[in-house]
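Topology and contacts: notes
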Amino acid sequence: MADPRTPLNPSIEVSKDNPCPFLRGLVGEGYVGGGTVPLGELSQTIGDATGKTGLMKVKARAEISGVAAIANGIRHIWKSLWRGAQLDALRNGPLDKHGAGSRILSVEGVVNEDEIARLATFGRDYTDPWGGTERGLNAAEIKIFMHENLKRAGSAARWYYPVLMQNEWPVLLDIMGKGDGDSRYLSVAEVRTLFTERKFPARIEQRIVVHPPVTRTKRVLRWVGAAAAVLIVLLIAALRFPDQLQPMLPNMLGQLVAPPLPARTVAREAYWLQQNWALEDRHWFHHVSQGTATFPVPYSWFMALEQPRLYFVARPGLLSDNAHLERFGFIPSPRTINADETTLRRYGYANVYETAPPPVPARQWEYPVKWDTPVDNVGGLPVGFARMTGVRDPATGRQEEDKIGLTCAACHTGQIHYKGVDVRFDGGPAMTDLKKLESTTGLSIMYTLYVPGRFTRFANRVLGASASDADRKALRQKLSTIGWFLLRWQINYGKIIEDKTTWDGKQQKDTEEGFGRLDALNRIGNQVFAQDLTLSGVEGFEKNLHAQDAPVSFPPIWTVPWLKYAQYDASIEQPLIRNAGEALGVTALLNLSDAYPKDTMFRSSIEIKNLHWIEEMLRGSPPKPAGKLSGLLSPKWPSQIFGDGAWAIDTKRVERGRQLYADICVECHLGPVNDPVFDSDDRYKAKSVWASDRWKKIGDEYVLDPVQKSVQGMGTDSAQAYVLAKRTVQVPGFLNMDPTKVLEHWDCKKTLPATATEMPYATGLMAIVEKVSKKAMDDARMPEDEQTKWWGGRKNCLDEGPADQAKEPAPWYRARPLNGVWATAPYLHNGSVPSLYWMLSPARDRPKSFCMGNREYDPKQVGFAVTDNEWWCKTGQTRFKTTTFFGTEINGNSNAGHSFEGTPGPNNPGVIGRLLKEDERYDLIEYLKTL
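Here the structure is a predicted model, which is why all the values come from computation and not from measurement. (Residues numbered from 1 in each chain as written. Predicted model: local features only at pLDDT ≥ 70, side-chain atom pairs only at ≥ 80, totals over all residues. Heavy atoms only, no water.)

1. What about the sheet that holds strand β4 (residues 133-138)?
Reading across the sheet, the three strands line up as β3-β4-β5 and stay open at both edges, with antiparallel pairing between neighbours. With partners counted over all chains shown, the strands left at the sheet margins are β3 (124-127) and β5 (185-187), one partner each. For this sheet the average axis-to-axis angle between neighbouring strands, irrespective of direction, equals 60°. Bridge count between β3 and β4: four bridges; the pairing is antiparallel. Across the sheet, Asp-125 pairs through a bridge with Arg-135, a residue of β4. (Pairing = 2+ DSSP bridges. Helix = DSSP H or I, 4+ residues; strand = E, 2+ residues; numbered from the N terminus. Axes fitted to C-alpha atoms, helices over the stretch in contact; angles between N-to-C directions.)

2. Quick look at the pairing of strand β9 (residues 413-418)
Among the six residues that make up β9, six are buried, leaving the element largely enclosed by the rest of the structure. With burial as the criterion, each face of β9 is covered, one bearing Thr-413, Gln-415 and His-417 and the other bearing Gly-414, Ile-416 and Tyr-418. Once β9 ends, the chain turns through two residues before running back antiparallel as strand β10 (residues 421-426), passing Lys-419 with a positive phi of about 50°. (Buried < 20%, exposed > 50% of the residue type's maximum accessible area, 1.4 Å probe, protein only.)

3. Considering the sheet that holds β9
Ordered by their spatial adjacency, three strands build an open sheet running β6-β10-β9, and the pairing between neighbours is mixed. Only two strands of the sheet have a single partner each, and these edge strands are β6 (269-272) and β9. Looking at each pair of strands side by side, their axes are set apart by 20° on average, direction ignored. With respect to the sheet, helix α14 (residues 279-287) is in contact with β6, β9 and β10, its orientation differing from that of β10 by roughly 85°. (Contact = heavy atoms within 4.5 Å.)

4. Structural notes on the packing of aromatic side chains
Scanning the entire structure with this criterion turns up 35 aromatic pairs. Between Phe-22 and Phe-200 the ring centres are 4.8 Å apart and the planes differ by 50°, which places this aromatic pair in the tilted class. Highlighted residues: Phe-22 in helix α1 (residues 21-28) and Phe-200 in the loop between α9 (188-197) and α10 (202-209), separated in sequence by 178 residues. Assigned by exposure class, Phe-22 and Phe-200 land together as buried. Here the aromatic rings of Trp-822 and Tyr-857 are separated by 6.3 Å at their centres, their planes lie at 90°, and the arrangement is edge-to-face. Of this pair, Trp-822 sits in the loop between β18 (812-814) and α32 (836-839) while Tyr-857 sits in strand β20 (residues 857-858); the two residues are 35 residues apart in sequence, bridging distant segments of the chain. (Phe/Tyr/Trp six-rings, centres within 6.5 Å; stacked < 30°, edge-to-face > 60°.)

5. A word on helix α24 (residues 651-664)
Every α-helical turn comprises 3.6 residues, leaving residues that sit three or four positions apart pointing alike. In this model, α24 (14 residues) spans 20 Å end to end at C-alpha, consistent with the 20 Å of a helix rising 1.5 Å per residue. All of the buried residues along α24 are Arg-653, Val-654, Gly-657, Arg-658, Leu-660, Tyr-661 and Ala-662. Residues of α24 that are buried make contact with α25 (666-669), α26 (676-680) and α33 (918-929). The opening residue of α24, the one whose side-chain oxygen lies 3.1 Å from the backbone nitrogen of Lys-652, is Asp-650. (Expected span 1.5 Å × (residues − 1). Polar contact = N/O pair within 3.5 Å; in protein donor to acceptor, adjacent residues only side chain to side chain.)

Here's what the structure looks like:
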C-alpha cells in the first residue's frame, strides 16, 4: 500500500473477487491493501472518505465495521474481527447478490458499459456545483433503479437483497454525491470512472489524504479505548439492570454485579398443607434460631443494607425486603401468627384447617415437646430466617450484637405453584439459591462502602441520624473489615481450588448448585475445617478447602427421625450429631484456638436445646408398635385445593399402581408407611413396612434401617457418596482430635485410618461435632442423665453398610419410604430428574438440560414443569445440565441410573427394573400421589 496517502496514477489492478466498487477504488489507489485489511484501518479510511466528523463519523465507522465483519461469511466473523476483512474473497459472501444487482461488474471483474448506460436511463440532468450539467441519480431514482434490478432478477432474487442494496448505491450517494437534500445526486460519470479506472473524484481523495495514516500503535490504543468504553458502559448498565445484563459481562466484571434473579411470582392464593403441626409449632420451626450467624453482619446491619443495584433517581430497596428475598426462592412469612385473618390468609395460614380440625400443639402431644424459646419475626423475614439474641463471642465471652442466620426450615420447607396458587409444606425441599444470596450480600456490603451516599443512609438506619462522626467512622471500619475479609477469602478459595485435584485425579472445580440444590457436605467441611479455624486465628488450614462439586437436592425431613440413616449417603446415624453438624455448616460461631482459656475450646453459639426440640417435633411418638407415624407428617396430595381435573385421583389407576409398587418398588423403598390397604390386604401385607425385619431396636425404641444400595449397581452419580470417605482434612495438634480416641466410647465396628492431625473428613467431622455438642450441653449446665437421654441409644459411628457387601460394594446410597414423594421434586439425590414421569423412564430419555427457579408444577408428570433440553433460561433462572457445551460430563450432575429399561443385574449397572409401558408409568405415578 502506498504511503504517504497519495493516489496512484494509473491505479493498480484489483482482484475480480472484490466486487464492491468503492472498495475497488480504495485498493486501486493504494489507500488499503488488496488482501486482508484490519477492520479498524478499513473503517477509518472509509470514515475519512465520508467527510463526516464527530459522532456522525463514529456512527459511520461502526456501521462500516459491522458490515465488513460479515462480508466474508458468518463462519468467518471471528476471523474478520481478529484479523480483518479479506477484500479479495468477497465474491460469494453474504453481501454478494449473484447478479441481482447492477451487473456493471462481471464475475470476471470486467466492466459492462451497457449496464452503465442503463444506469444513466434512470437518472436525469443535474446542475453541478460549478454551473455545468451532468447526468445523475438522486435517492428516489436510485431506489427505482434497485427495485428494477430486483424485478429483472426474478426468482433468483432473495428476500434479503433489498436490505443489502441499502448498503450499496445509497452509501455511494452519501459519500460521493453532490448537492444537498432531495437534489443530492450521484454522478454517472464519476460512477463510470470508479468502475473503469478505480479512481475517486478529487474531492474524495482530498478527504482521505488530509488525514495522516493511522499507525498500528494508535490503532491498537483506539481499540483498547473503545473496548474499555464499551465495558464501562455495559458495566454501568448492568449495575442498573443486573437481571438482564450481568450474564453478558466477562467473569471478573460479572462478579461486581448482582446475580440475575427470576421475577417475583405473586400468588392470588396461598395454602399451607395440614401436616400435624399447629400454627404455633409451624411458625416456631420457621424462625427459631439454631445459634447460627449465616450472614456475615449483625442482624441490624442486614436489615439496613441496600440491594446492590444502581438507581439514578430513586433509591434501591433494602436487601431484607421480603419481595427481594422471595426472588431467591424463599417463602414469605407473617411477622406473627397473632394477626388478623386477612393477614394470615395472605400468607396461607388462615385456611390451613378449613377442611380438617386443627392438630394438637406439640406441647400437648402424648410425648410433649416443651420448647420454651420464644421466636419473633418482627422484621417480616421469609421462612428460614432467624434472629440470634444474647450472643457472646465463644472465645472471649464478649457480648455481641444480635446475629442473623438460617434455620433448617430455610432448606427444608417446600412450595409449588399452579395457575396462580401457591401450595406450601414443611419438611420438603426448598427451591432456593443460597449461592446467589451469599454473593448478593457480599456485594451489598461493598456497594455500601463505595457507592456515594449509600453508607450515610446505612449509618442513619443502624446508628440513627444524630450519630457522631466518630461512631460513623467506627461503623465504616467494621463494615470495611468484613467486606475485605469476604473478598480476600473468596479470592483465596479460588486460588486454592485451582491447585487441587479430586480423589480420582481430576481438577477440582465448583459445580453450579443453582435453585433447589446445595453441596451441603463440602460446605460444612469448608466452614468447620477451614474458615472456622481462620476466624479463630489459626492460620495455615485453608488447604482443607474443597470445591463445592457434589450438590444435592434438599432431602425431605418428614419420617427421617425414625430412619437409622437420614442422609442420602447413609453417613450419620446419631441425630444430635446430624443436626449440630448442619448448624456448624450454616455458620455457628465456634472457637478452635488455644490462645484463650482452656475451657473455651470447642465452645460455640449452637442452641443445643432448640436443635433437640426441632428433632422432637419432627419425631413425634414412637411408630412401633403403634404402626403409624406422628410428629411432622408428609403432605397429602392437595386435590381438595384445586378444582382442576388434573388433580383428581383416578382410583382404578391407583389400584393398578399399588400392584406395580409391590412388584418393583418394595425391594428398596419397603412397604409404604401410610397406606392402610397395603398393610391389611392379603395381597400386600406380607410386604408391609410395619411387618419388616428392618426395624431395629436401639435403646428403648425401634428405628427403621433403610435399604442401602451400591452406587455402582444403582448407576447414579457417585460424587456425593465419595465426599466423606475420600476427602481428608488436617487439624492442629492442640485440638487433640484423634478421632479413634474421641469415638472409642461408642464401640464403633468400622474405623478409618487417622492420626491426631490428619484424618478422613467423615471421622474428623463426627469427632469435632461430638466435642462441640458435649461442650454446648456442659455450658447449658445440663445434668448428666439428661445428656444421656438426649444422646439416646444411637451411635456416632461410620455407616457399616449393607450385610452383603460382596453384592453391594461401597459406597452406598440409602433408599427411603416414599411417603410425600409427590412433593419432593426434583428427583434422584442430586436433583437431576425434574418429575416422577422421567424417573420411571429409561435414563437415556431423561432431559439432559432444564431450567430451575420456576416453581410451576405439572400434576400429570408430578414434578416441575420444564422443557426438555432447554439451552436458554428465563432471566435469573439457573440451568441444570449434565454436560458442558463441549460434551464433557459435569461432576455431580449425572442423571443416569435408577433406570427402568431391562433386566437388573451385574451386567446392567444402573438398570433396576423392566421397561414400563406408558400406562404403567401413569398407574404407578397415580399411586405415588396418594402416599
